[in-house]
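Geometric and topological summary
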Amino acid sequence: MSLLEIKNLHVTVGGQEILKGIDLTVNAGEVHSIMGPNGSGKSTLAQVLARRDAYTVTEGSITLDGKDLLAMKPEEAACEGVFLAFQYPVEIPGIGNTYFLRSALNAQRKHRGLDEMDAMDFLPLFREKLRLLEMDDKLMNRSLNEGFSGGEKKRNEILQMAVLEPRLAILDETDSGLDIDALRIVANGVNSLRSPDRAMVVVTHYQRLLNYIVPDFVHVLVDGRIVLSGGKELALELEEKGYAWTEAETVGVRA
Amino acid sequence: MATAVQTADRSGTSPHNELQSWLEAFTDAEREAPGRALPWLRHLRENAFARFCEAGFPTTRDEDWRFTNVSGIARTAFRAAGVAKIAKADAAPWIVEGAAARLVFVNGRFARNLSALKSLPQGVTVASLREQIEKHPETLEKHLARYADTRRDPFVALNTAFLSDGAYVHVARGVVVEAPIFLLYLSTQENAPTMTHPRNLIVAENESQVTVVEDYVSVGAPAHPFRDETADKGGAPIFSNAVTELVAGENTVAQHYLIEREHLKAYNVSTLRIEQGRSANVGSHSLLLGGGLVRNNVHPVLAGEGGECLINGLFLGTGRQHLDNYMHVEHAAPHCGSRQFYNGILDGHTHGVFHGRIVVHKAAQKTDAKQTNRNLLLSDDAQIDTKPQLEIYADDVKCTHGATIGQIEENALFYLQSRGISEAEARKLLLMAFAEECVERMHAGAAREHVEQLIREHLLFMESVPQIATGTVTERNWTEQG
Ligand SMILES: Nc1ncnc2c1ncn2[C@@H]1O[C@H](COP(=O)(O)OP(=O)(O)OP(=O)(O)O)[C@@H](O)[C@H]1O
Ligand SMILES: [Mg+2]
C-alpha cells in the first residue's frame, strides 16, 4: 500500500476549478518535487492535503496509508502524520511558540495513545531541534511567528516538522526568500528527517533547493494538471527552458 | 416637579406612577440613611433626588445613551433590597485569597461576618461607608460626592440620592498597600425587583499606593448563573447602580478593578470617577462577564500635570447580554497621558458598545491620548457599536484612536489545527490570546490572577455553549473602522 495516493482529484475554490484531475502516488521513503508556474495550483494541492476546508473537492480521492484523508479534519490529518510547512506561515500574537509546539505534540501523542510530555520532558527534545535549525531560543519566547523575518518563519516551520516527526511532510516553497546560508540550514533540517518510512512532497519554483534536497521524482503542475513527471534532471531542464514547452509534451513519465 | 414630569414624558412610559414609586423609595431610604442629622449630607441626597426627578432616565435619543435602552430599568418598580444574611460557607466560592482586606456587602449592606479587616498596614483605613458616616463624618465631607457629577448623569444622581453604604478606603500619605483590597458585592435571589446603590470612596493621599477590586456577584446561582436562561426565569430582576470616586493624590499609584459577573436578570450601572493629581499613575481595569444589561462608565479627570491613566477593559458577551462601555477621559492639565484599550468578544445575540470620549481642555497642552477598541464577533447576530468622540480645545496634543471589528481568523485557526490541535482547543487558544492583551496590562498580583482565572473559566463556558461551536468565517479578517 502506498503512503499517499491521489486519484483524479478535482478541487474548486470560490466556485472556480483549480485542480483538474490530479493523480499522484507517493511511497514511503520517497521525495517528490512539484514545480510549476504561479497560480498553477501547487499550494491548493498542499492545502487540500492538510485539509483546509475552504477548498472543495468535487471529484476524486486521497488516501493516506489506505485511510480516507478527505474524511479527516485538519487536526485529524495532522495526528495521522500529515505536516504542511506553509508558504506563508501565520503570525499569531498571544500564543507562545514553545507552548504551542508542545500543545501540538501532545495532541498528536494523545491521538497515538502516548503520554503527554510536560515542559521538563519537552525541553531537551526542543533544544536539540533548535540546534539542528540553528535557531536562537530567544525567538521561542515570542508569540508564534510574531515579528519573525521571512527566513525565521520558514525555519520555524521546519523546526515544528522536526519536533512533530510527520509521516508525510509537504513543504510549500519553504526555500523562497531564503539566502544561501538559511537554505542550507533548512535543507539540512529536512534531510535529517529523510527516512524509509517517511515521505516528502516538496513544492518549489527553483532547482536550487533540489541541489540540497535531492528528489526521487519531479512533477510539473500546469493549470491544475500534472503535465509531466520525471527524475531529478527534469528540474534542471525546467530551470533552463521554463514551463512553456512542457504543455506541448504529452502527459506522462519521460525516461 | 413640573419639569420632571415633562422630561419623563418623553420616554413614553407612565411618568406619574414612576415618579411616585421613586419618591416612595426615596422617602423610605431617607428614613434609614446614615448621617440624617448632617445637613451637608441631607442636602446632598435631596438635591441629587431633585436632580434625578428633573432629568428622569435617559432615552436613546440622548447622545450618551444612543446604543443603550434603559427603559427596562425605568419601567420596573425596584425596591431597596431587603436585609439578607449569608453564611460564611455560602459566600466561600466568591472569596479571593491574597487580599490585604476584604469588605463584603450583601444586597448593598455591609456584612461584617463575611469581611476581613485585620492585618492592614498602618495608615490604611478600610471601613463600610455607613459606619464611616456615623462615626467620622468629618473625614468624608471633603471628598464624598465632590467628583461624581449628579448633573451629568441621572444614574449618579440616583445613587447619590440613595447613598447609604459602600466602601471607604483611605490610604495615608506615603503608605504602600501591596496586596489588593477586595470589595465583594453579593446580591441574593428575591421574589420582587430589588435595587442597590453601592457608593464607594477611595482616597489615596500623596505618594501612596493602593489596589482596589470591586467584584459584583449574584449568589444562590451556579458559577455561571447566566448559563441557562430558563433557569433564571424564577428570580426577579435586580438593579445595581454603583458609583465609585477614586481620588489619587500627587504621585500616587492606584489600580482599580471592576468585575461584573451577576446573572442575566441583572441591570448593572457602574460609574468610576477618577480624580488624578500631579504625576499620579492610575489604572482602571474592567472585566464584564455577567449582567443582562451593563453600563460601565469610566471617567478619569487628569487634573494635575504629568498624570498617566490606563483605561483597560475586556467584555465577553453571550446570549442576549447588552454590554455598554462609556469612557470619558478628561485631560485638564498639561503633559498627561491616557491610554484606552478595550477588547470585546461577542457571541450569540449580544450587543456591545464602546463609546470612547476624550476631552482635552485648553490648558492641557502636550496631551498624549490614545484609544483602541478591538472586537471579535463570534456570531452573525452579535453586534458592536464603537464610537470615538474627540473634543480638543488645546493645540499641541497627540490623540489617536482606532477600532477593529473582526472574527476569529480562519488562517490562524487552520494553522493551529494543521499541527494537530483540535478546533475547539484552537478557538479557545485564540480567544484567550485576544483576552490576554488586556490581562497583560495589569500589574502582577492577586487581582490579576483572579481576573485571569475568571476569563479562562468564562471562555471555556462560552465555548461550551452550542450556538457558537462553529461559525461561518470569512477570508478577510479585520476591518479597519476608524
Ligand atoms: N481562497 C482562494 N479564493 C479564490 N481563489 C483562490 C484561492 N486560493 C487560491 N486561489 C486561486 O487558485 C489558483 C491557484 O492558486 P495556488 O495558490 O494553488 O497557486 P500556486 O501554484 O501555489 O502559485 P504560487 O507559485 O504563486 O504560489 C490561483 O489562480 C489563485 O488565485
Ligand atoms: Mg503557492
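Six octahedral donors around a metal ideally sit at 90 or 180 degrees from one another, while four tetrahedral donors ideally sit at 109.5 degrees. Residue and element names in this part refer to chain A. Around the magnesium ion (ligand 2), the protein contributes the donor atoms Ser43 (OG) and Gln87 (OE1), which lie 2.0 to 2.3 Å from the metal centre. Here Gln87 lies in the loop between β6 (82-85) and β7 (92-96) and Ser43 lies in helix α1 (residues 42-49), a separation of 44 residues in the sequence. Looking at Ser43, the relative accessible area reads 22%, which means it is partly exposed. For Gln87, a relative accessible area of 16% puts it in the buried group.

Before going further, it helps to spend a moment on helix α9 (residues 423-439) of chain B. Helix length check: α9 of chain B, at 17 residues, gives a terminal C-alpha distance of 24 Å against a target of 24 Å (1.5 Å per residue), a fit within 8%. With 13 of 17 residues buried, α9 of chain B lies mostly within the body of the structure.

Let's shift gears to the packing of helix α4 (residues 119-132) of chain A against helix α5 (residues 150-164) of chain A. Residue and element names in this part refer to chain A. Running from amino to carboxyl end, α4 crosses α5 at an angle of 135 degrees, the nearest separation of the two axes being 10 Å. The angle between α4 and α5 places the two elements in the oblique class. For the element pair α4 and α5, the recorded crossing hand is right-handed. Residues Phe122, Leu125, Phe126, Lys129, Leu130 and Leu132 of α4 form the contact with α5, whose own contacting residues are Leu159, Ala162 and Val163. Residues belonging to the contact of α4 with α5 are distributed by class as follows: eight nonpolar, no polar and one charged.

Residues and elements named next belong to chain A. The geometry of helix α3 (residues 97-111) relative to α5 is characterised by a closest axis approach of 10 Å and an angle of 35 degrees between their N-to-C directions. The handedness of the crossing between α3 and α5 is right-handed. Packed against α3, whose contacting residues are Asn97, Phe100, Leu101, Ala104, Leu105 and Gln108, the element α5 presents Asn156, Gln160, Val163 and Leu164 at the interface. Its residues assigned to classes, the contact of α3 with α5 shows six nonpolar, four polar and no charged.

Residues and elements named next belong to chain A. Burial analysis of α1 places seven of its eight residues in the buried class, the great majority of the element. Among all positions of α1, only Lys42, Thr44, Leu45, Ala46, Gln47, Val48 and Leu49 are buried. Of the residues one or two after α1, Arg51 is the one with positive phi, at around 70 degrees.

Right, let's get into the interface of chain B and chain A. With 17 residues of chain B in contact, the opposing surface of chain A contributes 33 residues. Summed over both sides, the interface between chain B and chain A buries roughly 1,900 Å², with carbon and sulfur atoms accounting for 65% of that surface. Among the residues chain B hides against chain A, the three largest losses belong to Phe414, Tyr415 and Arg419 of chain B. Together they make up 42% of the total. Remark: the boundary between chain B and chain A carries three salt bridges. The interface formed by chain B and chain A holds 12 residue pairs in polar contact (both at pLDDT 80 or more) in total. Among the elements that line the side of chain B that touches chain A, the one with the most residues is helix α8 (residues 410-417) of chain B, at seven residues.

Residue and element names in this part refer to chain A. Ordered in space as β6-β9-β10-β3-β11-β12, the six strands form an open sheet in which the pairing is mixed. Two strands close off the open sheet at either side, each with one partner strand: β6 and β12 (225-230). Along the sheet, successive strands turn relative to each other by an average axial angle of 20 degrees, direction set aside. Two elements, strand β3 (residues 31-35) and strand β10 (residues 199-203), share four bridges in a ladder whose sense is parallel. In the strand pairing of β10, Ile34 is matched with Val203. Most of the contacts of α1 go to strand β9 (residues 168-172), to which it runs at about 150 degrees, and overall it touches β3, β6, β9, β10 and β11 (217-222).

All right, on to the site of ligand 1 then. All names here are of chain A. Of all residues adjacent to ligand 1, which total 14 residues, the nearest are Gly39, Lys42, Ser43, Thr44 and His205. The side chain of Lys42 places a nitrogen or oxygen atom 2.7 Å from an oxygen atom of ligand 1. One of the side-chain N or O atoms of His205 is found 2.7 Å from an oxygen atom in ligand 1. Here the shell around ligand 1 takes three residues from α1, the largest share from any one element. Within the shell around ligand 1, the residues separate by chemical class into four nonpolar, eight polar and two charged.

With that settled, the discussion passes to the sheet that holds strand β2 (residues 16-26) of chain A. Residue and element names in this part refer to chain A. Spatially, β2-β1-β4-β5 is the arrangement adopted by the four strands of the open sheet, whose pairing is antiparallel. Looking along the sheet, the strands with just one partner apiece sit at the ends: β2 and β5 (67-68). When strand β1 (residues 4-13) meets strand β4 (residues 56-64), the two strands line up antiparallel, connected through seven bridges. Across the sheet, Val11 pairs through a bridge with Val57, a residue of β4. On the sheet, α1 packs against β1, β2 and β4 and is oriented at approximately 115 degrees with respect to β1.

Procedures and definitions
Positions within a chain are numbered from 1, following the residues in the order the chain's sequence is written. To read the labels, note that chains go from A and ligands from 1, taken in the order they are written. Reporting of local features is limited, given that this is a predicted model, to residues whose pLDDT is at least 70; pairs of side-chain atoms are given and counted only at 80 or more, and all residues count toward the totals for whole chains, interfaces and linings. The basis for every side-chain value is the complete set of heavy atoms in the structure, and neither hydrogens nor water enter the calculation. For Na, K and Ca the donor cut-off is 3.2 Å, while for other metals it is 2.8 Å, and in both cases only N, O and S atoms qualify; water is not among them, so sites may look incomplete. Helix numbering and strand numbering both begin at the N terminus, where a helix is a DSSP run of H or I of at least 4 residues and a strand a DSSP run of E of at least 2. Remark: exposure states derive from per-residue accessible area (1.4 Å probe, protein chains only) relative to the maximum for the residue type, with buried under 20%, exposed over 50%, and partly exposed in between. Expected helix span is taken as 1.5 Å per residue step, with the number of steps being one fewer than the number of residues. Here an angle of 0 to 180 degrees is reported between the N-to-C directions of two axes, which are lines fitted to C-alpha atoms, with helices fitted over the stretch in contact. Working rule for angles: under 35 degrees goes down as roughly parallel, over 145 as roughly antiparallel, 65 to 115 as roughly perpendicular, anything else as oblique. For any helix crossing, the convention is left-handed if the near helix is rotated counterclockwise from the far helix by under a right angle, and right-handed if that rotation is clockwise. Here, two residues are considered to be in contact whenever any of their heavy atoms come within 4.5 Å of each other. When residues are grouped by polarity, Ala, Val, Leu, Ile, Met, Phe, Trp, Tyr, Cys and Pro land in nonpolar, Asp, Glu, Lys and Arg in charged, and all others, Gly among them, in polar. Two parts placed together each lose some accessible area under a 1.4 Å probe, and the buried area is that loss summed for both. One speaks of a salt bridge when a side-chain nitrogen belonging to Lys or Arg is within 4 Å of a carboxyl oxygen belonging to Asp or Glu. Any pair of nitrogen or oxygen atoms within 3.5 Å is treated as a polar contact; in protein, a donor-acceptor pairing is required on top of that, and neighbouring residues in sequence qualify only through side-chain atoms on both sides. Note on pairing: DSSP must find at least two bridges between two strands before they are called paired. Nearness is judged by heavy atoms alone; a residue qualifies as near a molecule or strand once a single heavy atom is within 4 Å of it.

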